[in-house]
Amino acid sequence: MQRFSLLLLNLEEYYFEQHSADHIQHRGSCDERKIRGSLKICSKSVIFEPDAISHPIVKIPLRDCIQIGKHGESPASGHPATAKCPGISLTFSQVYFIKEHNIVAPYRIERGKMEYVFELDVSRKVEDVVETLLQLHRASCLDKLGDQTAMITAILQSRLARTSFDKNRFQSVSEKPHLECKAEMVTPLVTNPGHVCITDTSLYFQPLNGYPKPVIHITLQDVRRIYKRRHGLMPLGLEVFCTEDDLCSDIYLKFYEPEERDDVYFYIATYLEHHVVEHTAESYMLQWQRGHLSNYQYLLHLNNLADRSCNDLSQYPVFPWVVSDYFSPSLDLSNPGTFRDLSKPVGALNKERLERLLARYREMPAPKFMYGSHYSSPGYVLFYLVRIAPEYMLCLQNGRFDNADRMFNSVAETWRNCLDGATDFKELIPEFYGDDVSFLVNSLKLDLGRRQGGQVVDDVELPLWASSPEDFLQKSREALESSYVSEHLHEWIDLVFGYKQKGEDAIGAHNVFHPLTYEGGVDLNSIEDPDEKVAMLTQILEFGQTPKQLFVTPHPQKITSRFRVTPPISSCNDSPASPGEESFEDLTEESRRLAWNNITKLQLQEQYKTHKEAVTGIAVSRNGSSVFTTSQDSTLKMFSKESKMLQRSISFSNMALSSCLLLPGDATVISSSWDNNVYFYSIAFGRCQDTLMGHDDAVSHICWCDSRLFSASWDSTVKVWSGVPAEMPGTGRHQFDLLAELEHDVGVDTISLSATSALLASGTKEGMVTIWDLPTATALHQIPCHSGAVCATAFSPDSRHILSTGADGCVNVVDVQTGMRISSMASDKPQRCFIWDGSSVLSGSESGELLVWDLLGARVSERIQGHSGAVTCIWMNEQCSSVITGGEDRQIIFWKLQY
């Protein structure tokens, strides 16, 4: 049983090598005896681990050594005084005894001049070990901490330079190495130096000291996520996960140069591109908003993306306090008063305390901060986890536990202190919402001391409403996933990961911490004095760090049942959908969902060449029998689906037509034209009944709703017209009234309406998507979505999101409430048109294919061959079972869902 751990080392200490050895007690006397074990040579100490667990581990700090040499050698002459096999002699003034009787407890310290002798199994190594110890002793005795660090670093780098990765450790003889470099494996509070090697199939790490095993191996095929990390405020970290949702990673590496980290990241990321979808904060946000990720899962993903890691206690994942009632006998999750105000940081929850802090803040010289401690730090993490991670606490606190009264004794008491304490502003850790109760129970039977009242520190005292540790975690998780928290969690995200983290918004939210806690708060490379640099880094790491900022605009709210609506399917075609052969009563949300779940099974039924140029618009009668199409050949055509013949061909001018739609009643078709006009064609009378001459350049797109016509034009306007009746009169011209004019900087290529027609989205030639509030005719958000022209836009069925495609090949999702772009995916070709249900997209590509996009999985799930040129327009019936597309190949194609 190995009792040694890297946690027995000091912070920033390295374990170099080990030797099988005997600790000789009372050497040369009749009481001489040998204790068998392993001698560990570390950068700041010597550690002896006895094989017998009845003996304590011995740790001798090198700085406390008075003399180091070969036992039996005269210090003056350097020659042996006896013929007995030489050992290593250490004379010192202080020694630590650890895990006595194999019990995890505070270290016992003995002081006074002592000598220990160790005999190595391989006697010829004694001289080398002594030389190493003398060198490390000189480093430990340097006056300046910066000089100590520099000398130890030089020794480490020399050792790494003399070794390389052992390729005999490859899993297969056919593996081809691609990259090798030096690095350190990071675990909480400690790092372990060694060599990284990447082959065509694997990632390897070989520790310099062979601990905890000779080589760590990860198959690239198993990797699911990979993140670049800040480590010690420097861009040197890389963390690899072989699971989707686990809290802890499979390996965390710290490199010595950012370029080496980036090379390894690039190689693994390139491999993953062909196997795994890379998720961004925005793609996770979309999944969370739409209920595909729980609040717990979403917070874990945000922590990961913001450099928070279980392997770095100064950047441990942070979770919010959500419950404020720890004193009632029952927990009422339907009562808003049960919950903490998630729009405020912990330090601002107590109004009186906040006023005192603000008074100090106003009088403080720059740089100002409101809180003298952080909401997450190594000390706070281990405060919560001491019962399952006692050795980490002992490592952090030089072999001691914290004072019994400052321990994590009671959940209610901890919450009360966070509300009232002068310097306590800590949040929670993920374990409070997990399913492992170990951190709440003293199952290791640790002696954590007695409180002032005489009570023994044992299990954590739980709230009255929790009948057991399991019940406490279960109810805490229910609170985290409750409706109240789901509706307000975005406010806490704004504080910790979002736009209220820094700047004026942070000041307004009373969310200002010490400048050194923020990313970029200090440039370590600009500090020339090594002592100052080491001291600064130590201060920052012990104080805690603010997560990397993920969002710079307000975070959207989660879509909960309270806000959810189910309007018709959203698409970028603008004519009313028809029910086709099925009866309207059969149209249910479930049938639509079933259709979209099987959208990849779309089958081509028929195709017809109806025009001489590209098809630009499709409209279909309610019974599905007549299909109207417009084209750049300047014609509006009527095609009979039943007879499969062209029935009419109408030309209004010699200019291209850009779109069309059918008015309710199926009596009138409206077409927009590049000749600046909009034409109203009476199907019954077979002629153009009216012409709207309302623009100074080509009309690019039209929509219709509630007797209002919306027209977009290259003259940089979108105009809203009234006076368009549901059915045009048989004779006479009509008067159109301009209700609103929405002005843009450049030409508008596409528009779409929300389900309630209260909002309009416009897309311009320069890639700008604007969300307009129609009742006030004002722009709510302007979002630069694309680097080229916007091809199409459409609201999601619940009007919470807008999807846009552009000439740059990007498919973007924007949150309507905040204007934040929450998802962006790239395709090899522009997607010229699309329809979507809020989670999946069916798009028409410039390649002629139909692409099915899984927005939540951030991937293209199917490519369906269709047109021989770009797909330019698309229509879907209301039950989502039939699709018609038009293309540059002058064809219309009828598609049917087969499942």
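Residues numbered from 1 in each chain as written. Predicted model: local features only at pLDDT ≥ 70, side-chain atom pairs only at ≥ 80, totals over all residues. Heavy atoms only, no water.

If you look the chain up in an unreviewed UniProt entry, it shows as Protein FAN isoform X2 from Octodon degus.

Participant: Mind laying out the overall build of the chain, listing which residues take part and the relevant values?
Facilitator: Along the chain, the regular secondary structure elements total 14 helices and 43 strands. Counting only C-alpha atoms, the chain reaches 125 × 65 × 50 Å along its principal axes. Split into buried and exposed, the 899 residues of the chain put 58% on the buried side. Within the chain, contacts between residues at least 6 apart in sequence are counted, and of these 57% link residues at least 24 apart. (Helix = DSSP H or I, 4+ residues; strand = E, 2+ residues; numbered from the N terminus. Buried < 20%, exposed > 50% of the residue type's maximum accessible area, 1.4 Å probe, protein only. Contact = heavy atoms within 4.5 Å.)

Participant: Account for the side chain of Ser882, with residues named and values stated.
Facilitator: Mapped onto the fold, Ser882 is located in strand E42 (residues 882-887). Under the relative-accessibility criterion, Ser882 is labelled buried at 8%. In this structure the side chain of Ser882 is engaged in a polar contact, spanning 3.1 Å, whose partner is the side chain of Lys896. Among residues more than four places away in sequence, those in contact with Ser882 are Trp875, Met876, Asn877, Trp895 and Lys896. (Polar contact = N/O pair within 3.5 Å; in protein donor to acceptor, adjacent residues only side chain to side chain.)

Participant: Please give an account of unusual backbone geometry that cites residues and values.
Facilitator: Of all residues except glycine, most have a negative phi; of all peptide bonds, most are trans. Cis rather than trans, the peptide bond between Tyr211 and Pro212 has omega equal to 5°. Positionally, Pro212 belongs in the loop between strand E10 (202-207) and strand E11 (216-219). The residue after Ala366, namely Pro367, is reached through a cis peptide bond having omega -5°. Relative to the assigned elements, Pro367 resides in the loop between helix H6 (351-363) and helix H7 (378-385).

Participant: Tell me about the layout of surface pockets, residues and numbers included.
Facilitator: Empty space within the largest pocket amounts to approximately 1400 Å³. Lining the largest pocket are 44 residues, with Glu12, Tyr14, Thr149, Lys254 and Leu537 sitting closest to its centre. Secondary-structure elements contributing two or more residues to the lining of the largest pocket are helix H2 (145-161), strand E8 (177-187), strand E9 (190-199), strand E13 (234-241), strand E14 (251-255) and helix H13 (530-543). Among the elements that take part in the lining of the largest pocket, H2 stands out by supplying eight residues, more than any other. (1 Å grid on protein atoms, 1.4 Å probe; cavity = no way out; pocket = protein on both sides within 12 Å on 5 of 7 lines; lining within 4 Å. Points joined across faces, edges and corners; volume = space filled by probe spheres on them.)

Participant: Describe the UniProt feature "domain: BEACH-type PH" (unreviewed entry) in the chain, listing the residues and the values that go with them.
Facilitator: Mapped onto this structure's residue numbering, the UniProt feature "domain: BEACH-type PH" (unreviewed entry) falls at residues 172-269. With 12% helix and 52% strand, residues 172-269 has its two end C-alpha atoms placed 22 Å apart. (UniProt positions renumbered as here; feature names shortened; annotations may be inferred.)

Participant: Help me get a handle on the packing of aromatic side chains, residues and values and all.
Facilitator: Working definition: an aromatic ring pair is given by the centre-to-centre distance plus the angle between the planes. Throughout the structure, instances matching the rule amount to 39 aromatic pairs. Judged by centre distance (6.0 Å) and plane angle (35°), the rings of Phe639 and Phe894 are tilted. With Phe639 in strand E19 (residues 635-640) and Phe894 in strand E43 (residues 891-897), this pair connects stretches of sequence that are 255 residues apart. Judged by relative accessible area, Phe639 falls into the buried class, the value being 4%. Grouped by ring-pair contacts, the aromatic residues Trp321, Tyr326, Phe383, Tyr384, Phe408, Trp415, Phe432, Phe439, Trp465 and Phe472 constitute a single cluster. Over the aromatic face of Phe383 sits the side chain of Lys426, whose NZ or CZ is 4.5 Å from the ring centroid. (Phe/Tyr/Trp six-rings, centres within 6.5 Å; stacked < 30°, edge-to-face > 60°. Lys NZ or Arg CZ within 6 Å of the ring centre and 35° of its normal.)

Participant: Outline the sheet that holds E9, supporting the account with residue identities and numerical values.
Facilitator: As summarised here, the arrangement of the seven strands in space is E11-E10-E9-E8-E14-E13-E12, forming an open sheet in which the pairing is antiparallel. Single-partner strands in this sheet number two, and they are E11 and strand E12 (225-231). Pairs of neighbouring strands in the sheet enclose a mean axial angle of 30°, with direction left out of account. Pairing between E13 and E14: four bridges, direction antiparallel. Across the sheet, Glu239 pairs through a bridge with Tyr252, a residue of E14. Sheet strands touched by helix H3 (residues 258-273): E8, E9, E10, E12, E13 and E14. Its angle to E13, the strand with the most contacts, is close to 30°. (Pairing = 2+ DSSP bridges. Axes fitted to C-alpha atoms, helices over the stretch in contact; angles between N-to-C directions.)

Participant: Tell me what's going on with the pairing of strand E17 (residues 615-620), and back it up with residues and numbers.
Facilitator: Residues in a regular strand point their side chains to alternate faces of the sheet. Burial within E17 is extensive, with six of its six residues counted as buried. Direction of pairing for E17 relative to strand E18 (residues 626-631): antiparallel, over a ladder of five bridges. Of the residues in E18, the one forming a bridge with Ala619 is Phe628. What sits between E17 and E18 in their antiparallel hairpin is a turn of five residues, with Gly624 showing a positive phi close to 80°.

Participant: Kindly report on the sheet that holds strand E24 (residues 687-693), identifying the contributing residues and their values.
Facilitator: Read across the open sheet, the four strands follow the order E21-E22-E23-E24; overall the sheet is antiparallel. Where the open sheet ends on each side, the last strands, each with one partner, are strand E21 (657-662) and E24. On average, each strand axis in the sheet is tilted by 20° relative to the strand beside it, whichever way the strands run. Taken together, the five bridges between E21 and strand E22 (residues 668-673) define a ladder with antiparallel strand orientation. Bridge pairing in E22 links Ser659 to Ser672.

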